[in-house]
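Observations on chain architecture
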2 protein chains.
Amino acid sequence: MAKSPSRTPVWKSITITLTDDIAQGRYDTGTKLPAEAQLAERFGVNRHTVRRALADMAQQGLVHARRGAGVFVAAKPTDYPVGKRIRFHQNIRRAGRAPSKKVLRLEVLAADGREADALDLEPGAPVVVYEGLSYADDHPVALARTVFPADRLPGIMEALEAHESITAALKACGVEDYTRRETRITAKLATATQALHLRTSEGAPILRTTGISDDLQGVPIEFGRTWFAGDRVTLTVGDD
Amino acid sequence: MAKSPSRTPVWKSITITLTDDIAQGRYDTGTKLPAEAQLAERFGVNRHTVRRALADMAQQGLVHARRGAGVFVAAKPTDYPVGKRIRFHQNIRRAGRAPSKKVLRLEVLAADGREADALDLEPGAPVVVYEGLSYADDHPVALARTVFPADRLPGIMEALEAHESITAALKACGVEDYTRRETRITAKLATATQALHLRTSEGAPILRTTGISDDLQGVPIEFGRTWFAGDRVTLTVGDD
DNA sequence: ATGTAGTATTTGTCTAGTTGTATAGGACAT
DNA sequence: ATGTCCTATACAACTAGACAAATACTACAT
């Protein structure tokens, strides 16, 4: 007897294959996928199993089904440029999609060791902790936890609440421009809460970026981590 | 049977009985056995005891179970010649069996790098992707994924749909003859979907051939991979 | 050309049946 | 004591078939 029968459900492997087909551009945005019955033939499974896979993809916002018409590709995995100038709203808009954000947490705390180190502060200095979700076309793309030096950016808390983008909030605090000093990227597995926010499953692959941004004088003004749903986002590095 | 302590386990006697039933032709190859629950009732044992017997028979390659569908009597081994002239229908017919094929997928897509390289095309040029199952006496023998250059073979898509064999379809597109430039053979483990198509189990050994065919002028007209159920197919090389 | 009716196609939903897996426990031989 | 054989129960994963509902397509009358 073979040792491991079906460790991964069949429907999941179908999800992976179809998601890859879309990511590779074999099915473009807006085009119709083959009918469920045809996909069932192609994969050698019952139609219901294909439906299970498509339902999973629909929940992630990758496809959208219309009864009687077909299943259509809703969105290609988002290309997200990582470089010196990271501006979420600009990036998403450039991809022809509607950016928005939701504040999950906003409070003033004392900086811990690593935060103080990254932001060049005394340990225990007040920092504004922002946690939020970023959306593209109402689909969650990124979960971010960002720390700002409170004393260096008076009014940042109110600005973050009022303005739609972080760039706009920083500008309201007198930061005309800012650039990324460095960005580190690693792969993680989604925790339960991360999965909930990013509308993926616990244990799904996650891209985590860690970065520090400076203002034009080279003074650090932001230290944060961002988590991306790995199967829906492609980080691109290089051209900037 | 009084209270004599049976030296042979119950499950083994079930194996013997069922194996004999198959050998006697009471269950033909490809047909479904009664459900495990019914067999359990017939033998007056628990379902798990029947499963133990069926697992033993499955390991011997006598039967094959499909979750949700049933347990089926496995097909007999097939010899499959590999050489310069590979013609599935001819090969199968020569073995005294009835060939047929089923189209699983037929789409026009953009060629990826390897496909373009193999077919001597520009990357992104249109290719017809064909995926199909080949049968001998209604038993799946091979799972094929073949890529044809769309521009070089006008009408190939309709021809593949209409004609019973690939050779016939190519002839309809003006390809009188074609030969294998090279064939590579490796062993793989069956993925879930491959196993479903070939009626074997995930993780079972699979023979994979990769090949390119040229027309009489030496122009590549086909690049494809074919998967065979390793325990049911013997590839033969040499005489041609 | 245009609207309409009919047909075929496609997704949504439901019910039922089958195998795969996990857990728990009793009987029995070595 | 330990492992094998068998029973019992429950649930997950998948198949199978049928029908409803929404849409797309085609032929036809005007």
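With an unreviewed UniProt entry as reference, chain A is termed GntR family transcriptional regulator, source organism Tritonibacter scottomollicae.

Residue and element names in this part refer to chain A. For chain A, the domain assignment lists domain 1 (10-73) and domain 2 (78-237). Averaged C-alpha coordinates put domain 1 and domain 2 at centres separated by 32 Å. Contacts between the two partners involve 4 residues from domain 1 and, on the opposite side, 5 residues from domain 2. Both faces combined, the contact of domain 1 with domain 2 buries some 450 Å², and carbon together with sulfur accounts for 44% of it. Among the residues domain 1 hides against domain 2, the three largest losses belong to Gln-59, Gln-60 and Gly-61. Together they make up 75% of the total. Summed over the shared surface of domain 1 and domain 2, the result is 0 residue pairs in polar contact (both at pLDDT 80 or more). Residues belonging to the side of domain 1 that touches domain 2 are distributed by class as follows: 1 nonpolar, 3 polar and no charged.

Each aromatic ring pair is described using two quantities: the centre-to-centre distance and the angle formed by the ring planes. Across all of its chains, the model carries 4 aromatic pairs over all chains by this definition. Relative to Phe-88 of chain B, the ring of Tyr-80 of chain B has its centre 5.9 Å away and its plane inclined at 35 degrees; by these criteria the two rings are tilted. Exposure class is identical for Tyr-80 of chain B and Phe-88 of chain B. Each is buried. Ring centres of Tyr-80 of chain B and Phe-228 of chain B lie 5.0 Å apart, and the angle between their planes is 50 degrees; this geometry places the pair in the tilted category. Remark: Phe-228 of chain B occurs in strand β9 (residues 220-229) and Tyr-80 of chain B occurs in strand β3 (residues 78-82); sequence separation between them is 148 residues. In this pair, the class of Tyr-80 of chain B matches that of Phe-228 of chain B, namely buried. Joined through ring pairs, the aromatic side chains of Tyr-80, Phe-88 and Phe-228 of chain A make up one cluster. We note Arg-52 of chain A situated over the ring of Trp-11 of chain A; from NZ or CZ to the ring centre the distance is 3.9 Å.

Residue and element names in this part refer to chain B. Spatially, the 6 strands line up as an open sheet ordered β4-β5-β6-β9-β8-β7, and their pairing is antiparallel. This sheet does not close on itself; its edge strands, each paired only once, are β4 (99-110) and β7 (178-189). Direction aside, neighbouring strands of the sheet carry axes that sit 15 degrees apart on average. Bridge count between strand β6 (residues 139-149) and β9: 6 bridges; the pairing is antiparallel. Following the sheet pairing, Thr-146 is matched in β9 by Gly-224.

Turning next to the interface of chain B and chain A. Frequently, the measure chosen for interface size is the accessible area removed from exposure when the parts meet. Each partner contributes residues to the interface: chain B has 19 residues there, and chain A has 17 residues. Buried area between chain B and chain A, summed over both chains or domains, comes out near 1400 Å², and the portion from carbon and sulfur atoms is 46%. For the salt bridge of Glu-41 of chain A with Lys-102 of chain B, the shortest nitrogen-to-oxygen distance reads 3.8 Å. Summed over the shared surface of chain B and chain A, the result is 5 residue pairs in polar contact (both at pLDDT 80 or more). Elements supplying a minimum of two residues to the side of chain B that touches chain A: α3 (47-59), β4 and α8 (192-198) of chain B. Counting residues per element, the side of chain B that touches chain A draws most heavily on β4 of chain B, which supplies 7 residues. Residues of the side of chain B that touches chain A, tallied by class, amount to 7 nonpolar, 3 polar and 9 charged.

This paragraph deals with the protein's contact with DNA strand D. Contacts to DNA strand D come from 23 residues, most closely from His-48 and Thr-49 of chain A together with Val-10, Thr-49 and Arg-67 of chain B. Protein-proximal atoms of DNA strand D, defined as those within 4 Å of the protein, fall in sugar or phosphate at a share of 74%. The contact in question runs from a sugar or linking oxygen of DNA strand D to an N or O atom on the backbone of Gly-68 of chain B, over 3.3 Å. Looking at the surface near DNA strand D, the elements that each hand over two or more residues are α1 (10-23) and α3 (47-59) of chain A together with α1 (10-23) and α3 of chain B. Here the surface near DNA strand D gets 3 residues from one element, more than from any other, and that element is α3 of chain B. For the surface near DNA strand D, the residue count by class is 10 nonpolar, 8 polar and 5 charged.

Cut-off values and rules
- Residues numbered from 1 in each chain as written.
- Chains lettered and ligands numbered in written order.
- Predicted model: local features only at pLDDT ≥ 70, side-chain atom pairs only at ≥ 80, totals over all residues.
- Heavy atoms only, no water.
- Domains from an automatic or database assignment.
- Contact = heavy atoms within 4.5 Å.
- Buried area = accessible area lost by both parts, 1.4 Å probe.
- Polar contact = N/O pair within 3.5 Å; in protein donor to acceptor, adjacent residues only side chain to side chain.
- Nonpolar A, V, L, I, M, F, W, Y, C, P; charged D, E, K, R; others polar.
- Phe/Tyr/Trp six-rings, centres within 6.5 Å; stacked < 30°, edge-to-face > 60°.
- Buried < 20%, exposed > 50% of the residue type's maximum accessible area, 1.4 Å probe, protein only.
- Helix = DSSP H or I, 4+ residues; strand = E, 2+ residues; numbered from the N terminus.
- Lys NZ or Arg CZ within 6 Å of the ring centre and 35° of its normal.
- Pairing = 2+ DSSP bridges.
- Axes fitted to C-alpha atoms, helices over the stretch in contact; angles between N-to-C directions.
- Salt bridge = Lys/Arg side-chain N within 4 Å of Asp/Glu carboxyl O.
- Near = heavy atom within 4 Å.

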